[in-house]
Amino acid sequence: GPSLSPLCFLFQSEYHYEYTACDSLGSRWRVAVPHTPGLCTGLPDPIKGTECSFSCKAGQFLDMKDQSCKPCAEGRYSLGTGIRFDEWDELPHGFASIATNLESDSSISESLENCTTSTWLALGDYVASNTDECTATLMYAVNLKQSGTVSFEYIYPDSSIVFEFFVQNDQCQPTVEESRWMRTTEKGWETHNVELSRGNNVLYWRTTAFSVWSKVPKPVLVRNIGITGVAYTSECFPCKAGTYAPTSGSSFCQLCPANSYSSKGATSCQRCEPDTYSDQGSSSCKPRPPCTDKDYFYTHTACDASGETQLMFKWAEPKTCSEDLPTAIHLPPSEVKTKCPPCNPGFFKTNSSACEPCPSGSYSNGSGNATLSVLAESVLRGWWEVAGDYIYTAAGASDNDFMILTMVVPGFRPPQAVLEDVENKEVARITFVFETVCSVNCELYFMVGVNSRTNTPVETWNGSKEKQSYTYIIEKNATMSFTWAFQRTAYHEAGRKYTNDVAKLYSINVTNVMDGVASYCRLCALESSGSCTSCPPGNYIDRASGACHPCAPSTYLKAHQPYGSQACIPCGPGAKSNKIRSLCYNDCRFSLDKDGRTLEYDFSALANSTSFTGGPSFTSKGLKYFHHFSISLCGNHGRKMATCMDNVTDMRVPDGEAEFSKSVTSYVCQSIIVPSDVMGYKTIVSSQPVSLADRVIGVTTETTLDNITSLPEHFTPGNVGLTDVIFFYRSNDVTQSCRSGRATAIHLRCDPLKTGSGALSLPSKCPDGTCDGCTFHFLWETSTACPLCSAYDYHAIISACLGGIQRTTYVWREPKLCSGGVPLPEQKVSICKTMDFWLKVGISAGTCAAVLLTVMTCYFWKKNQKLEYKYSKLVMNSTAKDSELPAADSCAIMEGEDVEDDLIFTSKKSLFGKIKSFTYKRTSDGFDSVPLKTSSGSTDMDL
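Not measured: the values here are computed from a predicted model. (Residues numbered from 1 in each chain as written. Predicted model: local features only at pLDDT ≥ 70, side-chain atom pairs only at ≥ 80, totals over all residues. Heavy atoms only, no water.)

Right, let's talk about the sheet that holds strand 63 (residues 794-798) for a bit. Read across the sheet, three strands follow the order 63-64-66 without closing on themselves; strand pairing throughout is antiparallel. The strands lining the two open edges of the sheet, one partner per strand, are strand 63 and strand 66 (828-831). Going across the sheet, the axis of each strand differs from the next one's by a mean of 25 degrees, ignoring polarity. Where strand 64 (residues 805-812) lies against strand 66, four bridges are found, and the strand directions are antiparallel. What sits directly across from Gln806, in strand 66, is Ser830. (Pairing = 2+ DSSP bridges. Helix = DSSP H or I, 4+ residues; strand = E, 2+ residues; numbered from the N terminus. Axes fitted to C-alpha atoms, helices over the stretch in contact; angles between N-to-C directions.)

Here's what the structure looks like:
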């Protein structure tokens, strides 16, 4: 006959129960589903199920057989309406990890390294993000039957990685933009909780690194992801290895203590054998290695009542080595007691040999080498040990542990002059002397926290560093925490190999501490009554008289040492001091003597903060980023107006705490900008702001000032005969590579064609603005950088006389290299005489001259005729003498002869007749015949 399928109700192991989807009334049915479809028939009939909103409590599960909640057995746990992911040997079912490169330029992306391997990686107890410029996304989709939450623990130590967590709902709408940015962690694992709405939810953990420095950022770590609000839990989960649940109804599993272990689903932990050990939460025990000199450290005991201390040795905790093995060493014995070193400055030794702070109004400078023992015992915490004249990092549990040392200062009490200074914000300063001795890639971090809210790395030293000093300027009067963190290596390996790699601190000095101690007495200004008082801002204290004297103009006062006139430091060229003599600045004016004239400059149009972005740069994975600069050149009474933001962290700073955000305000600052189209965010990412200019050094046309050199070769040649005006600045940030702090030189170049704020550029050979990482160079081309115009810069052009009017026009000399200043004079109009007028005058004058010349010619001709006549008469008289004729009375013309001669000529002949007679009366001997008159008045006779 035909074969029959087995009856499933006889074999319950062949099927399981499930609920149908909820209908519009919120009800559902319980149905039996075979493990293998079609395997059997005769399944139990569906029955009415629990309401869709029904759920069990944490530590319970829903028994589908009778649809009731029952407690989890020992060694198992449940979240009730939730699920937890705490094992990361591989990505759990339902999780997806993808990596993308969001660079929009496909031509560039094709040549970049592949991002497919830059994903989130499961590493046992946690999942780790990528550390490159690719974008790695960890996703998980879940359907909630009721409103719930998602929680997870994370470590986010490096803000060079953008880390965001957000949820998309049924409409694919993400959570609020501002809440998606995660806050960096400084003290281990932190927990993050987000509420989830009913329905479909897709969870996203997304990271992108954009560090442009050589240092590789530390990855983001995530573990213990828990989600509540899911459907019923029909079973409890076994505890993972290394944990246990000793009682039934557990909602979580406990970690096994050190030197014990457990397997999966354990109800208790098993102790390791004496020759083995384990860390907390271990699934197995490891054999103990033989003890070496790397497993212990030395320290000094506290001073006893006799004023003595003792050098002794201790095993590093937890002790994982064995002293019983053949090659093992034993702990060295303690040395003999020695006299305790002196107390730190500001402390005194009591009868019990303890060091106590000096009371107010007293001081102690100590003697010999001051130690940090009291400081370490009172405010330092962590794996640091005292060693006479220094403290050092002892051996840790492993070589990649952070050896953390923290000092908390409750507040500061700066001088009154500092409180009134709103620009020079030095409230106090911390100076410490340190040394690192390393055989591998160790790192020493110095971090500063404000009001326990943030802990920002200020400086990092890699590798061995010789004994040196470092100073940090404190600009906020708040509760400050200073942390030193030393890591021998970033790689985790079993055992201790590098315990001889240490960091040492020789001294720590913090000024102006509230309720602090004094190592010496400072001179104060005296009132008339003889009591101490504070000098007004900008005044120094005369050491001899204790009187206050104002600093001279163009000098600024050294606030932390205001004694003597030498405390007033002259400002640099082109700079002046503010009213309270706390800083030097340029008032946007500059004068330059050149070629016998004085050039005046006015940069007032550039006083406001100006921002610009350099050309695009690309990391090895193709992430496009820009160097963004903000410049506050001059004016504003020395106030710093340039601000660079770190919106990666500022987006996570709660309201009311903005003053503690990681933004930078200075004269010149820089930040790294990643465009929104690259990152896929609604806003650009601005991070890693640094100050490039906190103090004005001077303004000059020289290329070197205060050991800052900015050669003109950095930029293309400028105007011939007009040199660049250079603004020099220094920053307060002293870094490992920039021992004198960063420096900035801004070249202002005259370009009449670039009006307004002009154009800023960077050196072509150094597109990041700096060639050595310490000195930054900028070229600012604008018409405002031209000297003010003067009368030397224009000349006059005189027009021809037209219609009796002559015009004088003033034009600029070419090329025009000035701006503002003296304007061009208005055109001048004057009355003039035209050429026609002068031609007429010339013709008239010529005519008059011709007539006059004619008259004079006639006159002199007539005179000549008279002289000729007299001459002829003289000759005739002379001839008459030879012929014995009567002699002439006189050769001279006698009075009245002219008239007589005129009458003779008139009566005898006309002028024409005379001319005719001259022609025809010439004798044969060549002489003319001239009528003569005898002296006696006889009649004429011709000769």
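Once you've had a look at it, read on.
Before going further, it helps to examine the packing of aromatic side chains. In total, this model carries 43 aromatic pairs according to the counting rule given. An angle of 85 degrees between the planes, with centres 6.2 Å apart, marks the rings of Tyr296 and Trp315 as edge-to-face. With Tyr296 in strand 24 (residues 296-300) and Trp315 in strand 25 (residues 308-315), this pair connects stretches of sequence that are 19 residues apart. For the pair Tyr296 and Trp315, a shared accessibility class is recorded, and that class is buried. Measuring from centroid to centroid gives 5.6 Å for Phe432 and Tyr470, while their planes differ by 50 degrees, and the two rings are tilted. Here Phe432 is found in strand 32 (residues 428-437), whereas its partner Tyr470 is found in strand 35 (residues 465-474), with 38 residues between them in sequence. Classification of Phe432 as buried rests on a relative accessible area of 0%. Given the relative accessible area of 7%, Tyr470 is considered buried. The structure contains a cluster of three or more aromatic residues connected by ring pairs, namely Phe85, Trp88, Phe95, Trp120, Tyr140, Phe152, Tyr154, Tyr156, Phe163, Phe165 and Trp205. Between the NZ or CZ atom of Lys467 and the centre of the ring of Tyr506, over which it lies, the distance is 4.0 Å. A cation over a ring is seen here: Lys504 above Tyr390, with NZ or CZ 4.7 Å from the ring centre. (Phe/Tyr/Trp six-rings, centres within 6.5 Å; stacked < 30°, edge-to-face > 60°. Buried < 20%, exposed > 50% of the residue type's maximum accessible area, 1.4 Å probe, protein only. Lys NZ or Arg CZ within 6 Å of the ring centre and 35° of its normal.)

Below, the discussion takes up the pattern of salt bridges. Under the definition given, this model contains 14 salt bridges. We note a salt bridge from Glu153 to Arg223, for which the minimum N-O separation is 2.7 Å. With Glu153 in strand 12 (residues 148-155) and Arg223 in strand 16 (residues 221-228), this pair connects stretches of sequence that are 70 residues apart. Taking the relative accessible area as the measure of exposure, Arg223 reaches 23% and is therefore partly exposed. Between Arg730 and Asp706 there is a salt bridge; the shortest N-O distance is 3.2 Å. Of this pair, Arg730 sits in strand 58 (residues 725-730) while Asp706 sits in the loop between strand 56 (704-705) and strand 57 (708-709), placing them 24 residues apart in sequence. Since its relative accessible area comes to 10%, Arg730 is described here as buried. Where salt bridges share partners, they join Asp63, Asp66 and Lys70 into one cluster. (Salt bridge = Lys/Arg side-chain N within 4 Å of Asp/Glu carboxyl O.)

Pairing is mixed across the open sheet formed by five strands, whose spatial order is 55-58-59-61-60. The sheet terminates laterally at strand 55 (695-700) and strand 60 (759-761), the two strands that pair on one side only. Ignoring which end each strand starts from, the neighbouring axes of this sheet average 20 degrees apart. The sheet contact formed by strand 55 and strand 58 spans five bridges and is antiparallel. The residue bridging Arg695 from the neighbouring strand is Arg730, located in strand 58.

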